[in-house]
Amino acid sequence: MAYSDKVLDHYENPRNVGSFAKDEPGVGTGIVGAPECGDVMKLQLKISDEGVIEDAKFKTFGCGSAIASSSYVTELIKGKSVEDAYAIKNTQIVEELNLPPVKIHCSVLAEDAIKAAIGDWKGKKGNEADSEKKAV
Amino acid sequence: MTTNTETSLCLHCGKPAAHQLVCAGCGIVAPAGRETDYFSVFGLPRRLAIDLAELERRYYALSREFHPDLFHDRPPAEQAESLRMTALVNRAYKTLKEPVRRALYWLEAHGESLGRDNERVPTTLAARVFEVQERLEELRAARARGAGEAEGRAMCAIRDQLRADLGASEARLARSFEADDGASAGALAETKKILSELHYLRTLLRDVESEV
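This section reports on the structure supplied with the text. Note that this is a predicted model, so its numbers are computed, not measured.

## Considering the nonpolar core
Core analysis: the biggest nonpolar cluster contains 50 residues, and B:Phe42, B:Val89, B:Leu96, B:Leu173 and B:Leu195 have the highest contact counts within it. By residue number, the principal contributor to this core is helix α7 (residues 185–209) of chain B, which donates 9 residues. Looking at which domains feed residues into this core, each of domain 1 (1–97) and domain 2 (115–209) of chain B gives three or more. The contacts of B:Phe42, once residues within four sequence positions are left out, are B:Leu55, B:Arg58, B:Tyr59, B:Leu62, B:Val89, B:Ala92, B:Tyr93 and B:Leu96. Membership of the second largest hydrophobic core comes to 34 residues, among which are A:Ile77, A:Ala85, A:Val94 and A:Ile118.

The following block contains the structure:
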């Protein structure tokens, strides 16, 4: 199967590879996997108090399309509000990267990773608010 | 064998076929109108736990029965049917014989798929995948420097542990087949969980084995 030029570009020069410390304030971590193929993807977002995504990092162990999907997402998502990021659909990733039908699940994985990371950030924020309340 | 109410007509004598595969009257292959499920191909009960010896015995019997060589002097429609049946029998045998394939087929037959409602990797498994993958990266980096002997030995130990855990998962899968008929929501969820784990471990082991 031939990969599109955009997939190859992201695969060969992945953007924003790496990680933040999980307990760093404002960092949401999403770890998702595709059980059909055993790929795993970690997406981390650094989110401001105003709910704007300031930075994103990823680490993916999987096929070229999974790596390209997560790499593209880190570029796409920076500067977006949490709400806008949450609304990103996998179809957008499919179109941008020209993913063939057998690789659509890679884009779904990337969408799930965004939602998981935001969910983690919200959970952490909720816990902080709870402990502040308790302190008062 | 479960009786099938959809009787088809025998290609040879035109009488209703006794069961899906062969006409009872003359023993000629009946045209199956639709894809037969793999369990009923062998007349086995639709259960995840199957008797492998019995499966094999019936597979050989059916293979002999439908062997295309036996149909060389038959009309083309029957020849085509014997080919189709041979292919179906082979496909069904290959799927049912191997527990992971059988379980995947079982999920599909129940309208389930591995990906559905299953996007979260169990945390400990994900942590393990990331740890091992990062150590693989370290091993490659060390080898690029002309070193990496100690890392290589450590990776062999990781590989052996992964193999052992994969074996344990396969055993758990086999046990889950026995739990009930495997068709309840709980049993399907358990099968799905073990299959996912197996896939993550297999992928990881494959990556490790390509290095040591």
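## A few points about the interface of chain A and chain B
Contacts between the two partners involve 16 residues from chain A and, on the opposite side, 16 residues from chain B. Across the interface of chain A and chain B, roughly 1,400 Å² is buried in total on both sides, 68% from carbon and sulfur atoms. If you look at where chain A meets chain B, you find 2 salt bridges. As a salt-bridge pair, A:Lys59 and B:Glu137 come within 3.7 Å of each other at their nearest N and O atoms. Applying the counting rule to chain A against chain B returns 5 residue pairs in polar contact (both at pLDDT 80 or more). Broken down by secondary-structure element, the contributors of at least two residues to the side of chain A that touches chain B are β1 (27–34), β2 (39–47), β3 (53–61) and α5 (104–135) of chain A. Looking at the side of chain A that touches chain B, its residues break down into 9 nonpolar, 2 polar and 5 charged.

## Digging into the sheet that holds β3(A)
On the basis of which strands lie adjacent, the open sheet formed by 3 strands has the order β1-β2-β3 (chain A) and antiparallel pairing. Edge positions in the sheet fall to β1 and β3 of chain A, since each has one partner strand and no second. Taken pair by pair, the neighbouring strands of this sheet meet at an average axis angle of 15°, ignoring direction. Where β2(A) lies against β3(A), 8 bridges are found, and the strand directions are antiparallel. Across the sheet, A:Lys46 pairs through a bridge with A:Asp55, a residue of β3(A). Across the sheet, helix α5 (residues 123–144) of chain B lies against β1, β2 and β3 of chain A, angled at about 75° from β3(A), the strand it touches most.

## Remarks on the packing of aromatic side chains
Residue and element names in this part refer to chain B. Here the structure, examined in full by the defined rule, presents 6 aromatic pairs over all chains. Both rings, one in Tyr59 and one in Tyr93, keep their centres 3.7 Å apart while their planes meet at 5°; by these two values the pair is stacked. Here Tyr59 is found in helix α2 (residues 52–65), whereas its partner Tyr93 is found in helix α3 (residues 76–97), with 34 residues between them in sequence. The class of Tyr59 is buried, set by a relative accessible area of 14%. One aromatic cluster is present, built from ring pairs that chain together Tyr38, Phe39, Tyr105 and Trp106.

## Concerning the packing of α5(B) against α7(B)
All names here are of chain B. α7 packs onto α5 with a crossing angle of 5° between their chain directions and a minimal axis gap of 11 Å. Regarding the angle of α5 to α7, the classification is roughly parallel. Seen from α5, the contacting residues are Leu125, Arg128, Val129, Val132, Gln133 and Leu136; seen from α7, they are Glu197, Tyr200, Leu201, Leu204, Asp207 and Val208.

## Describing the packing of helix α6 (residues 149–179) of chain B against α7(B)
Residue and element names in this part refer to chain B. It is the contact of α6 with α7, at a shortest axis distance of 9 Å, that shows an interaxial angle of 160°. By the angle between their axes, α6 is roughly antiparallel relative to α7. α6 and α7 meet at a crossing whose hand is left-handed. Taking contact as the criterion, the partners of Met155, Arg159, Leu162, Arg163, Asp165, Leu166, Ser169, Glu170, Arg172, Leu173, Ser176 and Phe177 in α6 are, on α7, Glu190, Thr191, Ile194, Leu195, Glu197, Leu198, Leu201, Arg202, Leu204, Leu205, Val208 and Glu209. Of the residues belonging to the contact of α6 with α7, the class tally is 12 nonpolar, 3 polar and 9 charged.

## Overview of the pattern of salt bridges
Residues and elements named next belong to chain A. With the rule as written, the count across this model stands at 22 salt bridges over all chains. The salt bridge involving Glu75 is made with Arg15; its shortest N-O contact spans 3.1 Å. Separated by 60 residues along the polypeptide, Glu75 in helix α2 (residues 64–77) and Arg15 in the loop between α1 (5–12) and β1 bring together distant segments of the chain. Judged by its relative accessible area of 40%, Glu75 is partly exposed. Owing to a relative accessible area of 22%, Arg15 belongs among the partly exposed residues under this scheme. Lys115 serves as the salt-bridge partner of Glu111, at 3.0 Å between the closest nitrogen and oxygen. Placement of both Glu111 and Lys115 in helix α5 is noted, with a separation of 4 residues, approximately one turn of the helix. The burial state of Glu111 is the same as that of Lys115; both residues are buried. Ionic contacts of the salt-bridge type, sharing partners, join the residues Asp9, Arg15 and Glu75 into one network.

How each quantity is defined
Residues numbered from 1 in each chain as written. Chains lettered and ligands numbered in written order. Predicted model: local features only at pLDDT ≥ 70, side-chain atom pairs only at ≥ 80, totals over all residues. Heavy atoms only, no water. Core = buried A, V, L, I, M, F, W, Y, C linked by side-chain atoms within 4.5 Å. Buried < 20%, exposed > 50% of the residue type's maximum accessible area, 1.4 Å probe, protein only. Helix = DSSP H or I, 4+ residues; strand = E, 2+ residues; numbered from the N terminus. Domains from an automatic or database assignment. Contact = heavy atoms within 4.5 Å. Buried area = accessible area lost by both parts, 1.4 Å probe. Salt bridge = Lys/Arg side-chain N within 4 Å of Asp/Glu carboxyl O. Polar contact = N/O pair within 3.5 Å; in protein donor to acceptor, adjacent residues only side chain to side chain. Nonpolar A, V, L, I, M, F, W, Y, C, P; charged D, E, K, R; others polar. Pairing = 2+ DSSP bridges. Axes fitted to C-alpha atoms, helices over the stretch in contact; angles between N-to-C directions. Phe/Tyr/Trp six-rings, centres within 6.5 Å; stacked < 30°, edge-to-face > 60°. Parallel < 35°, antiparallel > 145°, perpendicular 65-115°, else oblique. Left-handed = near helix turned anticlockwise from the far one by under 90°.

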